[in-house]
Amino acid sequence: MKKTLALLLSFILVTLSLVACGNTPRIQKYDWELFSVTKGEEEIHITGTLTAGGGKLTFTDTKYEDTYKGTYSERDEFSPTSADYHITLDHVKGRALVTVGENSKGETVTNLTLFVGDYVLIFVPEE
């Protein structure tokens with residue numbers, strides 16, 4: 001009886017873990033629209049989009065019509081509400097973090113934050 005109960009509990013925990021992993025936000029799940037860019041305390045005024053898939057990133061600066069390519073790889077740090085990545089964008093190494101949370105209205109929001117060199121770029125899913 002104890003073995004059966006232990007196996008049943010193990011099965012339930014593994015199943016719950018797999019379900020939680022399946023809901024983890026992913027960088028490739030969305031096409032992203034640039035929300036804000038800062039360099040230190042200075043706000044940079046540009047517009048842009050970012051797409052990701054198959055380990056490759058493409059950031060398009062729609063204001064100046066420039067395109068920057070790079071790569072991403074998943075880190076081993078995931079939770080049901082966040083995913084962490086190593087990135088390289090235009091040969092500059094950085095980090096990306098996809099998070100899910102709630103805004104002040106109680107609505108679920110997803111954000112992508114890139115930390116590249118001295119820049120912080122925040123994206124929201126394109127509508």
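From a predicted model like this one, the values you see are computed outputs, not experimental measurements.

### As for the confidence of the model for the chain
Line of reasoning, step 1. On average, residues of the chain score 85 in pLDDT, and 82% of them are at 70 or above.
Line of reasoning, step 2. The least confident element of the chain, judged by mean pLDDT, is helix H1 (residues 2-22) at 37; the most confident is strand S3 (residues 48-53) at 98.
Line of reasoning, step 3. Here residues 1-21 is modelled with pLDDT under 50, and outside its nearest four sequence neighbours on either side it reaches two contacts, counting other chains as well.

### A short note on the packing of aromatic side chains
Line of reasoning, step 1. One pass over the full model with this rule turns up four aromatic pairs.
Line of reasoning, step 2. Considering the side-chain rings of Phe59 and Tyr68, the 6.1 Å spacing of their centres and the 20° angle between planes classify their relative orientation as stacked.
Line of reasoning, step 3. Among the residues examined, Phe59 registers a relative accessible area of 4% and is labelled buried.
Line of reasoning, step 4. A connected cluster of aromatic rings, assembled from ring pairs, spans Phe59, Tyr68 and Phe123.

### Things to note about the pattern of salt bridges
Line of reasoning, step 1. One pass over the full model with this rule turns up three salt bridges.
Line of reasoning, step 2. For Arg75, the salt bridge is made with Asp84, and the minimal N-O distance between the two is 3.2 Å.
Line of reasoning, step 3. Asp84 gets classed as buried once you look at its relative accessible area, which sits at 2%.
Line of reasoning, step 4. A salt bridge links Arg95 to Asp84; its shortest N-O distance comes to 2.8 Å. Taken together, the residues span a long stretch of sequence, with Arg95 in strand S7 (residues 92-102) and Asp84 in strand S6 (residues 82-89) at a distance of 11 residues.
Line of reasoning, step 5. The network of salt bridges with common partners includes Arg75, Asp84 and Arg95.

Analysis parameters
Residues numbered from 1 in each chain as written. Predicted model: local features only at pLDDT ≥ 70, side-chain atom pairs only at ≥ 80, totals over all residues. Heavy atoms only, no water. pLDDT = per-residue confidence, 0-100. Helix = DSSP H or I, 4+ residues; strand = E, 2+ residues; numbered from the N terminus. Contact = heavy atoms within 4.5 Å. Phe/Tyr/Trp six-rings, centres within 6.5 Å; stacked < 30°, edge-to-face > 60°. Buried < 20%, exposed > 50% of the residue type's maximum accessible area, 1.4 Å probe, protein only. Salt bridge = Lys/Arg side-chain N within 4 Å of Asp/Glu carboxyl O.

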